[in-house]
Structure formats: C-alpha cells, structure tokens
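The primary structure of each chain is shown beneath.
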Amino acid sequence: MTRRRTPRTSVIRLTTGRTARTLLHPYGHRKPVLALDFGSACVQVTARGPVTADDLTFARQLAHEAARYARLVERTYRAMISDHEMVQNGTAA
C-alpha cells in the first residue's frame, strides 16, 4: 500500500457487533456495490464511473485487508476463549 499524499481530515469509527453485516449487491452487468451496514449507518463502496483497473486494485486491497482482519479477530477471539476456559478451570497463571 502506498503512503497517503494528503493528511486525513477526519476519521469515522464504525464498530462491529450483533447488528453489523456486509452485503454485496452484484447488479449483473452494472458496477457492484458493497454495503457495510452498521444499523444506524451504512457505508457503500462502489466505483465512481465505469469500473477501471484502479477499482480492481482497490477491491483486491480491500479483500486482502479484510482477510487479514478476519484472521486477527479470529486469533484474538480464540485467545480470549482459551483464557476464559483456563480461568474457569482454575489453570490460569
């Protein structure tokens, strides 16, 4: 990933939970829309105009980073469950 050329002016944090979900709207021959639905807010990701090579690059980066995020969340969740089980069993350090 390349370094940002312009500084960020704002950050929006949307946290996951029971109501958070992702939806893909493929629309056949039109450009697809990926929706990140957080209940009170929804973020839609799509190409500005006709799909370009830059859109493909972004989609691949998004998929790569989403896969990394999923692995880290899974690892963190498994560690938390393991720690909880050790405390329940009285085997925690």
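**Q** Explain helix α1 (residues 53-89) to me, please; I cannot follow it from the model alone.
**A** Helix length check: α1, at 37 residues, gives a terminal C-alpha distance of 54 Å against a target of 54 Å (1.5 Å per residue), a fit within 8%. Just beyond α1, the residue with positive phi is Gly90, at close to 75°.

**Q** Would you take a moment to explain the environment of His64 for this structure?
**A** For His64, the position within the fold is in helix α1. Exposure remark for His64: the relative accessible area of 46% places this residue in the partly exposed category. Taking the C-alpha atoms as reference points, His64 and Leu36, separated by 28 residues in sequence, lie 16 Å from one another.

**Q** Hey, could you run me through the packing of aromatic side chains in this one?
**A** Given two aromatic rings, one states the distance between the centres and the angle between the planes to describe the pair. Tallied over the full model, the rule gives 0 aromatic pairs. Seen from the ring of Tyr27, Arg30 lies directly overhead, with NZ or CZ sitting 4.7 Å from the centre.

**Q** Is there a simple way to explain the layout of surface pockets in this structure?
**A** Over the atoms, a rolled probe matching the size of one water molecule traces out where space is still vacant. In this structure, the largest pocket spans a volume of roughly 1,400 Å³. Ile12, Leu36, Phe58, Leu62 and Glu65 are, among the 28 residues lining the largest pocket, the residues nearest its centre. For the lining of the largest pocket, the elements supplying multiple residues, two or more each, are β1 (21-25), β2 (33-37), β3 (42-45) and α1. Among the elements that line the lining of the largest pocket, the one with the most residues is α1, at 8 residues. For the lining of the largest pocket, the class distribution of residues is 16 nonpolar, 6 polar and 6 charged. Going through the elements one at a time, β2 and α1 are the ones with two or more residues in the lining of the second largest pocket. Sorting elements by how many residues they give to the lining of the second largest pocket places α1 first, with 5 residues. When the residues that make up the lining of the second largest pocket are grouped by side-chain class, the tally is 11 nonpolar, 1 polar and 1 charged.

**Q** Explanation requested: unusual backbone geometry in the structure shown.
**A** Leaving glycine out, the prevailing phi sign among residues is negative, and the prevailing peptide bond configuration is trans. With phi around 55°, Tyr27 is a residue other than glycine that occupies positive phi space. Inspection of the secondary structure assignment puts Tyr27 in the loop between β1 and β2.

**Q** Which parts of the structure should I look at to understand the side chain of Asp37?
**A** Its location among the elements puts Asp37 in strand β2. By relative accessible area, which is 16% here, Asp37 ends up buried. Here Gly39 takes part through its backbone nitrogen, which lies 2.9 Å from a polar atom of the side chain of Asp37. Aside from chain neighbours lying at most four places away, what touches Asp37 is Thr19, Ala20, Arg21 and Cys42.

What counts, and where the lines are drawn
- Residues numbered from 1 in each chain as written.
- Predicted model: local features only at pLDDT ≥ 70, side-chain atom pairs only at ≥ 80, totals over all residues.
- Heavy atoms only, no water.
- Helix = DSSP H or I, 4+ residues; strand = E, 2+ residues; numbered from the N terminus.
- Expected span 1.5 Å × (residues − 1).
- Buried < 20%, exposed > 50% of the residue type's maximum accessible area, 1.4 Å probe, protein only.
- Phe/Tyr/Trp six-rings, centres within 6.5 Å; stacked < 30°, edge-to-face > 60°.
- Lys NZ or Arg CZ within 6 Å of the ring centre and 35° of its normal.
- 1 Å grid on protein atoms, 1.4 Å probe; cavity = no way out; pocket = protein on both sides within 12 Å on 5 of 7 lines; lining within 4 Å.
- Points joined across faces, edges and corners; volume = space filled by probe spheres on them.
- Nonpolar A, V, L, I, M, F, W, Y, C, P; charged D, E, K, R; others polar.
- Polar contact = N/O pair within 3.5 Å; in protein donor to acceptor, adjacent residues only side chain to side chain.
- Contact = heavy atoms within 4.5 Å.

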